[in-house]
Amino acid sequence: MSDYAAATIQWGANSLTLLQLLKQQLDMCDNDTSRDEELSLWLQMAGLACEAYCDNVLCLQEATERHACTFSPITLRYHPVQSITSVTVDGVDATADYELFFDVGLDYATISRTSASKGDKFNQMVIVYQAGLEPMPADLGYAIVLTATSYESQTSGTGLVKKESVVGVGSIEYATGDDEGGTGVLSATTTAVLDKYRRCHV
């Protein structure tokens, strides 16, 4: 599970968590923890809304994919992939047989060039890997915080709040409004940044 409040942005020798950055935007002291739970909720909802727009993970997190056969290479759904945690085939650990390969906008898990594994039989393959960004680029982190401030104020660049639900997190109301280029709670400024991080479809 992602944790957007704890995610960081970094520039030079400086770094901030998204929670710290959101507090700065709200003119709150960093050591004021009275609203941390509430602000963390807004950040999580904002992060998940941005992920939905991008059809990709943004904050570093674990992803699991299941495939009904063994084949190579496998185009992994999310990127950038940081590492493969495990690969099992019919419950048998095959992690050592796989390695990562990279292409423009796509990451692959493929049988290692040193592996003795052969064949493309019909099996149940499960791949667990770490995908996302940590630290996040500053523009991406700021876009998520900007969206969180819209939740926090119950308004956004796209109008007054109507309804959105995030399973396991909570619900908020918003409207799509009339901000040209905006999408739901995401402003046009935010979507312009997010477009750089959208998932490639193949």
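The sections below set out a description of the structure shown in this document. In this text the structure is predicted, and so the values were computed from the model without any measurement. (Residues numbered from 1 in each chain as written. Predicted model: local features only at pLDDT ≥ 70, side-chain atom pairs only at ≥ 80, totals over all residues. Heavy atoms only, no water.)

**Concerning the sheet that holds strand β3 (residues 61-67)**
Reasoning step 1: Pairing is antiparallel in the open sheet, where 4 strands are placed in the order β3-β9-β5-β6. Every interior strand has two partners, whereas the edge strands, β3 and β6 (92-93), have only one.
Reasoning step 2: Across 7 bridges, the pairing between strand β5 (residues 81-89) and strand β9 (residues 125-131) is antiparallel. By the bridge assignment for β9, S83 is matched with Q130. (Pairing = 2+ DSSP bridges. Helix = DSSP H or I, 4+ residues; strand = E, 2+ residues; numbered from the N terminus.)

**A closer look at the nonpolar core**
Reasoning step 1: Residues L18, L43, L58, M136 and I144 are the most contacted members of the largest nonpolar core, which totals 34 residues.
Reasoning step 2: For this core, the secondary structure elements donating two or more residues are α1 (18-25), α2 (36-54), α3 (138-153) and α4 (188-194).
Reasoning step 3: Non-local contacts of L58, meaning those with residues more than four positions away in its chain, are made with Y4, C50, E51, G132, L133, M136, L140, I144, L194 and Y197. (Core = buried A, V, L, I, M, F, W, Y, C linked by side-chain atoms within 4.5 Å. Buried < 20%, exposed > 50% of the residue type's maximum accessible area, 1.4 Å probe, protein only. Contact = heavy atoms within 4.5 Å.)

**Quick notes on the packing of α1 against α3**
Reasoning step 1: At a closest axis distance of 10 Å, the pairing of α1 and α3 adopts a crossing angle of 55 degrees. On the basis of the axis angle, α1 is oblique to α3. Judged by the sense of rotation from one axis to the other, the crossing of α1 with α3 is right-handed. Across from L18, L21, L22 and Q25 in α1, the residues of α3 making contact are G141, Y142, I144, V145, A148 and T149.
Reasoning step 2: Across the contact of α1 with α3, the residue classes break down as 7 nonpolar, 3 polar and no charged. (Axes fitted to C-alpha atoms, helices over the stretch in contact; angles between N-to-C directions. Parallel < 35°, antiparallel > 145°, perpendicular 65-115°, else oblique. Left-handed = near helix turned anticlockwise from the far one by under 90°. Nonpolar A, V, L, I, M, F, W, Y, C, P; charged D, E, K, R; others polar.)

**A few points about α3**
Reasoning step 1: With 16 residues, α3 extends 22 Å between its outermost C-alpha atoms, agreeing within 8% with the 22 Å of an ideal straight helix rising 1.5 Å per residue.
Reasoning step 2: Buried residues of α3: L140, G141, A143, I144, V145, T147, A148, T149, S150 and Y151, and no others. (Expected span 1.5 Å × (residues − 1).)

**Some words on the pairing of β3**
Regular strands have side chains that alternate between both faces of the sheet.
Reasoning step 1: By the alternation rule, side chains of β3 split into Q61, A63, E65 and H67, which are all buried, and E62, T64 and R66, of which none is buried.
Reasoning step 2: Sheet topology places β3 next to β9; 7 bridges connect them, and they run antiparallel. Residue pairing across strands places H67 opposite M125, the latter belonging to β9.

**Quick look at the pattern of salt bridges**
Reasoning step 1: A complete count under the given rule lists 6 salt bridges for this structure.
Reasoning step 2: Residues D139 and K196 are paired through a salt bridge, measuring 2.6 Å at the closest nitrogen-oxygen approach. With D139 in helix α3 and K196 in the segment after α4, the pair connects residues that are 57 residues apart, well separated along the chain.
Reasoning step 3: Beyond isolated ion pairs, a larger network of salt bridges with shared partners links D55, R77 and R199. (Salt bridge = Lys/Arg side-chain N within 4 Å of Asp/Glu carboxyl O.)

**Points about the pairing of strand β2 (residues 14-17)**
Reasoning step 1: Relative to β2, strand β1 (residues 8-11) runs antiparallel, the two being bridged by 4 bridges. Residue W11 lies in a different strand from β2, and its bridge partner there is N14.
Reasoning step 2: Linkage of β1 to β2, two consecutive antiparallel strands, is achieved through a turn of 2 residues, within which G12 is found at a positive phi near 60 degrees.

**Points about the environment of A131**
Reasoning step 1: With respect to the helices and strands, A131 occurs in strand β9.
Reasoning step 2: Residue classification places A131 among the buried residues on the basis of a relative accessible area of 0%.
Reasoning step 3: A C-alpha to C-alpha distance of 5.5 Å links A131 and L60, two positions 71 residues apart in sequence.
Reasoning step 4: Not counting chain neighbours up to four residues away, the residues in contact with A131 comprise V57, C59, L60, Q61, Y78, P80, V81 and Q82.

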